[in-house]
Amino acid sequence: MDCNEIILSEDYADFIVQNAAVESNDIFIEAACIQPLNEAFRTEYIPLAELYRGQPGGIDAFFLVAGSALRRVDYYSFPKLYGLMDRSALEQSRITDVQNQPALSLSGSGVLIGFVDTGIDWSLPVFRRTSGRTRIVALWDQAGEELDPPDGFYYGTLYQAEELNAALEGMLDVPGDELGHGTFLASVAAGGEDERADFIGAAPEADLAVVKLKQAKSYLRTYFQIPEDVPAYQENDIMAGVMFLQQLAQRRRQPLVLCIGLGSNQGQHAGTSPLAEMLTEIAGLPQRIICACAGNEGGRSSHYYGKLNLGVSRDVVELRVDPMETGFTMEFWAQSTEIYQITLQSPTGETVPKLPGRQGSSQILNFVFEDTVVAVDYEVAEDRSGIFMVQFRFRSPTPGIWQIQVEQRLGTEGEFHMWIPIQDFLRGNTVFLRPWPDVTVTEPGNAVRVLTVGGYQHRDRSIYLNSGRGFNVFGIVKPTMVAPAVEVYGAEPAGFYGYQTGTSIATALMAGACALLLEWAVIRYNSINMNTVEASAYLVRGAQRSVGRAYPNQEWGYGALDLYRTFEVLTII
């Protein structure tokens, strides 16, 4: 099999590996294929059969044996799964004022906006120039069967502007966007004017580049207990998409805005994941602005924060499991100075022995009086950060209230965090009964330099209830800012228009605003080396802030997007 077949095959597992760890990497089976990502990372593809050799049950065995089979593979290397963050904003953000102000008259011309998402309906008029030709300079379909990948990548099909124009004339068949999420984001950020529908995007003359992500493999869905019918995307594929867009902008010598409308509750929520590290690196480059959503978990009761006060060494966390739930994961994180023992008690009162908490230990817990199986994997010192981490994977969990008894065995801080998956990855209303709404910004929104976007209701200027709240685990201000996220108007596949809600929509608006800022800075030679850090500083200075509210804060960050005021501040500077 060649690399394209291996990468797309369900028979191979994907692992994210640091290039610096070539001599000491923990993947103990020779890779069948290696996909370079950037100077720091690569993806290695390993035959699944080698990982659970001799185990019955086929792919389902991966849930049961993954802990022991992968004991030498650290948590950091395992691709996390990301989901979609959704389901007269321009005026409120004062983007229209910037478009129409005679001295500015900005439209995003000369700037490239990149999307790593569900694809795009390339046929829509809002993505064409006045000549009728496409504004999309490249579309990489990662699952494309017509093997013609971008340079340096081994899978999928690349469609360039010439081929998309041929498709517009009916001469070529090019995949669209079955889910519509990427189409909506692209229209909000950069859709052209449609007078009939009274619509225009934030940067209507920007060039577009799109990565249509392939769906996550079945073995990862089994491992993380994510339903087959829910959109889920692998971290390594998102990283490949990011690098494709970065390299495309380099070749075209264009300033680039990246719009990331995906999120995950997996990880420490500190911006230390491979994807977050990659985005942080690119965000520091000149003529690059990275916008990532804060996620929609602020009001979902998916996070628990524990603080053991002096003299108190135990806490009991209650998790209500919905009757619809057939499986889910839960992660426990604490500082590197801490060690904890954890005991699970099912809703029927059955208690398993205290889990040992040894480095690299894995355990399968079978309950006597119920069908529940829980796989537990410990990392007393997680590979990248030294952080204490425990991953729980529940299969056929008994509905009702589970008690997680947390006992501190070593340490001084007494602080710990627990997260369950984003709502889309759960089948029912599974929640912590005493949730903590802060520290709910999803990955990769916790990346240090990234412009992280929360959401608010622009009609009554209230915060969007589910907008991810900060700060991150290390106290870095996240979200950076907020933008309209509730009932925002945009284009959908097949020529329809509608309203959608979510922080990915707010991120698309921010990305469009950043394209206008880059046009002013780079195309018009006002600040040709502007990067994400500089752009964030200007946008923060111009943000709308309410009297009586302290800034920055966990909900609003430094305030709400006001692009026109940003330019007013620039005139003062």
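Residues numbered from 1 in each chain as written. Predicted model: local features only at pLDDT ≥ 70, side-chain atom pairs only at ≥ 80, totals over all residues. Heavy atoms only, no water.

1. Description of the state of the cysteines
In the structure shown here, the tally under the stated rule is one disulfide. Cys259 supplies the cysteine sulfur nearest to Cys293, a cysteine that is in no disulfide, at a spacing of 8.2 Å. Cys514 carries a free sulfur, and the closest cysteine sulfur to it, the one in Cys291, is 3.8 Å from it. (Disulfide = S-S within 2.5 Å.)

2. Considerations on the pairing of strand 3 (residues 41-47)
Summarising burial for strand 3: six of the seven residues are buried, a large majority. Note that strand 1 (residues 12-18) and strand 3 share seven bridges and pair antiparallel. Each bridged residue has a counterpart across the sheet, and for Asp14 the counterpart in strand 3 is Tyr45. With four bridges connecting them, strand 2 (residues 33-36) and strand 3 associate as antiparallel partners. Note on strand 3: the bridge partner recorded for Cys33 is Tyr45. Following strand 2, the chain reverses through four residues before pairing antiparallel with strand 3. (Buried < 20%, exposed > 50% of the residue type's maximum accessible area, 1.4 Å probe, protein only. Helix = DSSP H or I, 4+ residues; strand = E, 2+ residues; numbered from the N terminus. Pairing = 2+ DSSP bridges.)

3. Overview of empty space enclosed by the protein
A volume near 40 Å³ is recorded for the second largest cavity. Forming the walls of the second largest cavity are Asn265, Gln266, Thr329, Glu331, Trp419, Ile420 and Pro421. Of the residues in the lining of the second largest cavity, the class split is three nonpolar, three polar and one charged. (1 Å grid on protein atoms, 1.4 Å probe; cavity = no way out; pocket = protein on both sides within 12 Å on 5 of 7 lines; lining within 4 Å. Points joined across faces, edges and corners; volume = space filled by probe spheres on them. Nonpolar A, V, L, I, M, F, W, Y, C, P; charged D, E, K, R; others polar.)

4. Description of the environment of Gly475
Along the chain, Gly475 turns up in the loop between strand 24 (462-463) and strand 25 (481-484). Taking relative accessible area as the criterion, Gly475 reaches 44% and is therefore assigned partly exposed. Each C-alpha atom of the pair Gly475 and Phe244 lies 31 Å from the other, and the pair is 231 residues apart in sequence.

5. Concerning unusual backbone geometry
Cis geometry marks the peptide bond from Glu443 to Pro444, where omega comes out at 5°. You can see Pro444 is positioned in the loop between strand 22 (431-432) and strand 23 (451-457). In the segment running from Gly470 into Phe471, the intervening peptide bond is cis, with an omega of -10°. Its place among the elements puts Phe471 in the loop between strand 24 and strand 25. Despite not being glycine, Glu487 has its phi angle at roughly 50°, a positive value. Structurally, Glu487 can be placed in the loop between strand 25 and strand 26 (488-492). For Glu487, a relative accessible area of 38% puts it in the partly exposed group. Non-glycine residue Ala494 carries a positive phi angle of around 70°. Within the secondary structure layout, Ala494 lies in the loop between strand 26 and strand 27 (496-500).

6. With respect to the pattern of salt bridges
Tallying each qualifying case throughout the model produces 17 salt bridges. The partner of Lys212 in a salt bridge is Glu178, and the shortest N-O contact between them spans 2.6 Å. Within this pair, whereas Lys212 is found in strand 8 (residues 207-212), its partner Glu178 is found in the loop between helix 6 (161-168) and helix 7 (181-190), the two being separated by 34 residues in sequence. Arg469 serves as the salt-bridge partner of Glu555, at 3.1 Å between the closest nitrogen and oxygen. Taken together, the residues Glu555 in the loop between helix 12 (532-541) and helix 13 (563-572) and Arg469 in the loop between strand 24 and strand 25 connect sequence positions 86 residues apart. Connected through salt bridges with shared partners, the residues Arg94, Asp97 and Asp562 form a single ionic network. (Salt bridge = Lys/Arg side-chain N within 4 Å of Asp/Glu carboxyl O.)

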